[in-house]
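Now for the letters of each chain:
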Amino acid sequence: CTNYMNYLSNRTDEIIIGGVSSTSTMGHYHIASDLAMLPTREVILPMTRALVPTFSKISHDGSELAKAFCGTFNFITILSTSVALGLFVVAEDAVIVLLGEQWVASVPFFKWLALYGGLEGLVLTTDSFFIVINKQKLLAFLNIARVVILIPTLITAGYFADIETIAITRTGIMLLFVFVIYFTILRISSISLSSLIAAIWRPLIASGIMAVVVSEFHDHDLTLHYLSLARDVITGALVFPLALCALWLVSGRPDGAEKTTLKIGWEQFNRRVLKR
């Protein structure tokens, strides 16, 4: 049921657009959607599928399960927020470089659907948790409720606004669903609000800083899109980890993705370089 609801959620907008716009617009939206969802579907989704056996091993211990979930949430948030906001700010160059000038009309859709993909990554993290604690029916109900709200809202947006509004509306509803599903998790588990906030605030702020810096330093006069994209990607790749580490240090170097990543990185450096 959950998979069916997810399919409807992911295809309803395209069905509606097919009924209210031209074939060309439909093609641009479809391509933008597929490209924007690529990081989520190819990176985050496979990661979340591997969580069921991991969570199952500690499902008998509520505190350990909560700790593992928050740790996973921290990692996924780093990936989701940085990639989503990064794609949002480099949308035009990314679409032109990856698809060609003829697909420039896809840019407005791509920007919002990139944010949708990041939010979807946060939701996908929760599926394994609901399964492990035997709340599949509740998860299915939440997904049905999302689709029941989504379909008439998108139909209204399609007939009374434009196609970009459909993409914005779809993203807005997913943002609302993120709040709903994590509020539900707080109610049915031992996970605390403070632990969720601790897992998300540093990646979210670091991603925001990255997006602002990339936007401010973007060279609008650079006509070679692949050079412009490379410059922005390098800027983001430098700013985001620096901002994330700075926030981690300011917050007292707590346990989390930053500490684990630095530990693994130091171990690899020590093994491969210092011990030669």
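Thresholds, definitions, all that
- Residues numbered from 1 in each chain as written.
- Predicted model: local features only at pLDDT ≥ 70, side-chain atom pairs only at ≥ 80, totals over all residues.
- Heavy atoms only, no water.
- Helix = DSSP H or I, 4+ residues; strand = E, 2+ residues; numbered from the N terminus.
- Rg over C-alpha atoms; globule rule 2.2 N^0.38 Å.
- Buried < 20%, exposed > 50% of the residue type's maximum accessible area, 1.4 Å probe, protein only.
- Areas by Shrake-Rupley, 256 points an atom, 1.4 Å probe, with all protein chains shown as cover.
- Lys, Arg positive; Asp, Glu negative; His and termini not counted.
- Charge placed at Lys NZ, Arg CZ, Asp CG, Glu CD.
- Core = buried A, V, L, I, M, F, W, Y, C linked by side-chain atoms within 4.5 Å.
- Contact = heavy atoms within 4.5 Å.
- Polar contact = N/O pair within 3.5 Å; in protein donor to acceptor, adjacent residues only side chain to side chain.
- Phe/Tyr/Trp six-rings, centres within 6.5 Å; stacked < 30°, edge-to-face > 60°.
- Salt bridge = Lys/Arg side-chain N within 4 Å of Asp/Glu carboxyl O.
- pLDDT = per-residue confidence, 0-100.

1. Description of the overall build of the protein chain
Working step 1: Looking only at helices and strands, the protein chain has 11 helices and 0 strands in total.
Working step 2: Its helices and strands in sequence order give the protein chain the pattern α-α-α-α-α-α-α-α-α-α-α, from N to C terminus.
Working step 3: What you see for the protein chain is a C-alpha radius of gyration of 20 Å, in line with the 19 Å of a compact globule of 276 residues.
Working step 4: The C-alpha extent of the protein chain, read off along each of the three principal axes, is 55 × 50 × 30 Å.
Working step 5: Looking at the protein chain as a whole, 43% of its 276 residues are labelled buried.
Working step 6: Counting every atom, the protein chain has about 14,300 Å² of accessible surface; 67% of that belongs to carbon and sulfur.
Working step 7: A gap of 15 Å separates the mean positions of the 20 positive and 20 negative side-chain charges of the protein chain.

2. Some details on the nonpolar core
Working step 1: Judged by nonpolar contacts, the single largest core of 49 residues is most densely connected at Tyr-29, Phe-69, Phe-110, Ile-166, Ile-181, Tyr-182 and Ile-191.
Working step 2: Considering each element in turn, this core owes the most residues, 12 residues, to helix α6 (residues 107-132).
Working step 3: Once residues within four sequence positions are removed from consideration, Ile-191 is found in contact with Ala-66, Phe-69, Cys-70, Phe-129, Ile-185, Leu-186 and Leu-196.
Working step 4: In terms of nonpolar packing, the next biggest core, distinct from the first, is built from 13 residues, Ala-94, Ala-206, Met-210 and Val-239 among them.

3. Observations regarding the environment of Gly-172
Working step 1: Following the sequence through the fold, Gly-172 ends up in helix α8 (residues 163-188).
Working step 2: Taking C-alpha positions, Gly-172 is 9.4 Å from Trp-112, a pair spaced 60 residues apart along the chain.

4. Observations regarding the side chain of Asn-74
Working step 1: Among the structural elements, Asn-74 can be located in helix α4 (residues 62-89).
Working step 2: A distance of 2.8 Å separates the side chain of Asn-74 from the backbone nitrogen of Ala-257, its partner in a polar contact.

5. Details of the environment of Ile-155
Working step 1: Following the sequence through the fold, Ile-155 ends up in helix α7 (residues 136-160).
Working step 2: Residue classification places Ile-155 among the partly exposed residues on the basis of a relative accessible area of 35%.
Working step 3: Distance in space between the C-alpha atoms of Ile-155 and Gly-19 is 9.8 Å, their sequence separation being 136 residues.

6. A few points about the packing of aromatic side chains
Where two aromatic rings form a pair, the distance of their centres and the angle of their planes describe that pair.
Working step 1: Considering all chains together, one arrives at 7 aromatic pairs under this definition.
Working step 2: Taking 5.4 Å as the distance between ring centres and 50° as the angle between the ring planes, the aromatic pair formed by Tyr-29 and Phe-109 counts as tilted. Taken as a pair, Tyr-29 in helix α2 (residues 23-49) and Phe-109 in helix α6 lie far apart in primary sequence, 80 residues in all.
Working step 3: Judged by relative accessible area, which is 8%, Phe-109 ranks as buried.
Working step 4: On the numbers, 6.4 Å between centres and 50° between planes, the contact of Phe-55 with Phe-69 is tilted. Of this pair, Phe-55 sits in helix α3 (residues 51-57) while Phe-69 sits in helix α4, placing them 14 residues apart in sequence.

7. Considering the pattern of salt bridges
Working step 1: According to the stated counting rule, one finds 3 salt bridges in the structure shown.
Working step 2: Close ionic contact of Arg-41 with Glu-120 constitutes a salt bridge, the shortest N to O distance being 3.2 Å. Placement of the pair is Arg-41 in helix α2 and Glu-120 in helix α6, with a sequence separation of 79 residues.
Working step 3: Residues Asp-255 and Lys-259 are paired through a salt bridge, measuring 3.0 Å at the closest nitrogen-oxygen approach.
Working step 4: Residue classification places Asp-255 among the exposed residues on the basis of a relative accessible area of 59%.

8. Side note on the confidence of the model for the protein chain
Working step 1: Averaged over every residue, the pLDDT of the protein chain is 88; residues scoring 70 or more account for 94%.
Working step 2: Here helix α1 (residues 2-20) stands out as the element of the protein chain with the lowest mean pLDDT, 71, in contrast to helix α9 (residues 193-217), whose mean of 95 is the highest.

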